[in-house]
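# Observations on the three-dimensional arrangement
So the chains spell out like this:
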Amino acid sequence: IWDVSCAQHGQPLIATASADRTARVWHSGSGECLLHYEAHTGSVNSIRFHPTEPLLCTASGDMSTHIWTVNITLARQAATPVVLEGIAEDNSPRNTPDPDLLDELESHEAFEAAASLQLILKEHAGVVIAAEWMCDGKQLVTASWDHTAKLWDAERGECVCTLSGHDEELTNCCTHPTQRLIATSSRDTTFRLCDMRAPTIHSVNVFQGHSNCVTTAVFTSKDNMVSASDDRTIKVWDLKNMRSPLTTIRTDAACNRLAVSSKGILAAPLDNRDVRLWDLAGTRLFSSKRSRRQGHSRIVNGAVWSDESALGLNLFTCGFDRRVIGWKVSVQLV
């Protein structure tokens, strides 16, 4: 499973993107797989819920990005005491009981769901590795192995502009939660910050703080960015002064698509099967290898935080082991 996303509009849903060419939507409390989306002809590399509407965007190895709706009918029913545990070897949904949550789970919401394809965005000349909504949800940005990112009108399906300049394949793209800012990361060891706030003049800044492939660069809810690299470092930057990082975190393995919570907790999915948490000052808060809870058995690809998930699960991670794991994270920051 390459990527995981949480619904932002008050529903206990998560979505996953997989190398099996499908995307799936799950109930985050029961672990029930609600629907399969099978319109792509290549690996589905990323997935994102729309910030306000029941829409998803998926980026694929078939060189396209799809925008599709999820139609959901809600019904209350008796509880099934499980949390979601990804996909079995035969690609069927697999549920695993979680004894820690048996006493808390009294009921859950069951859904009937259907997917409907709305738009196909197809102007890239290579694999589309990531897609992300802009903060207003009216546009989205895609990143590709053709060395470019593109900004799209999400209603008309038209390419608004192409962001070029990277020397090698892009690895991810991220957008600021409240401003028209785009970050793109690349195998060329750089990440770029594109300022789209002016209607006609767009500025681009290039940052060379890593010595190997930059796997991601994300915005925090405040004025920081966090970048991760195959050079086994994670760096925290001040958006107002990005000459040098505020914090450099050294890891035991390459870091993949990390996520930062609204409270400033950094969740790092690592190649060594570990999930680690730090604050933005670089203080380590948690390692899944030292937790009693069973973690991933292979490379961890992605992480996402949720403020509205069921059962108090507020962090979800996905990996090469075909599993999505939900975590209950409670951290008191001083």
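Described in the following lines is the structure provided in the data block. Since the structure is predicted, the reported quantities are computational estimates derived from the model, not experimental observations. (Residues numbered from 1 in each chain as written. Predicted model: local features only at pLDDT ≥ 70, side-chain atom pairs only at ≥ 80, totals over all residues. Heavy atoms only, no water.)

The backbone phi angle of Arg21 is positive, close to 75°, even though this residue is not glycine. Tracing the backbone through its elements, the reader meets Arg21 in the loop between strand E2 (13-17) and strand E3 (23-27). Positive phi, close to 80°, is recorded for Arg273, a residue that is not glycine. Within the secondary structure, Arg273 is located in the loop between strand E24 (265-269) and strand E25 (275-279). (Helix = DSSP H or I, 4+ residues; strand = E, 2+ residues; numbered from the N terminus.)

Quick look at the sheet that holds strand E28 (residues 315-319) now. Pairing is antiparallel across the open sheet formed by 3 strands, whose spatial order is E27-E28-E29. Here the strands that pair on one side only, and so sit at the sheet edges, are strand E27 (300-305) and strand E29 (324-327). Going across the sheet, the axis of each strand differs from the next one's by a mean of 20°, ignoring polarity. Here 4 bridges tie E28 to E29, and the two strands are oriented antiparallel to one another. Within E29, the position partnered with Cys318 by the bridge is Val324. (Pairing = 2+ DSSP bridges. Axes fitted to C-alpha atoms, helices over the stretch in contact; angles between N-to-C directions.)

Let us look at the sheet that holds strand E12 (residues 139-144). Read from one edge to the other, the open sheet built from 4 strands follows the order E11-E12-E13-E14, with strand pairing classed as antiparallel. Only two strands of the sheet have a single partner each, and these edge strands are strand E11 (128-133) and strand E14 (158-163). Adjacent strand axes in the sheet meet at a mean angle of 25° when their direction is disregarded. As paired elements, E12 and strand E13 (residues 149-153) share 5 bridges and run antiparallel to each other. The residue of E13 that forms the bridge with Thr142 is Lys150.

Now for the packing of aromatic side chains. With the rule as written, the count across this model stands at 6 aromatic pairs. Seen from their ring centres, Trp2 and Phe320 are 5.5 Å apart, and the 90° between their planes marks the pair as edge-to-face. Of this pair, Trp2 sits in the segment before strand E1 (3-6) while Phe320 sits in the loop between E28 and E29; the two residues are 318 residues apart in sequence, bridging distant segments of the chain. With a relative accessible area of 31%, Trp2 lands in the partly exposed category. When the ring of Phe286 is compared with that of Trp327, the centres are 5.9 Å apart and the planes differ by 70°; the resulting orientation is edge-to-face. With Phe286 in strand E26 (residues 284-287) and Trp327 in strand E29, this pair connects stretches of sequence that are 41 residues apart. (Phe/Tyr/Trp six-rings, centres within 6.5 Å; stacked < 30°, edge-to-face > 60°. Buried < 20%, exposed > 50% of the residue type's maximum accessible area, 1.4 Å probe, protein only.)

Side chains on a regular strand alternate between the two faces of the sheet. Burial of strand E22 (residues 247-250) is one-sided: the residues Thr247 and Ile249 facing one way are buried, the residues Thr248 and Arg250 facing the other way are not. In this structure, strand E21 (residues 233-238) lies alongside E22, joined through 4 bridges in antiparallel fashion. The residue bridging Thr233 from the neighbouring strand is Arg250, located in E22.

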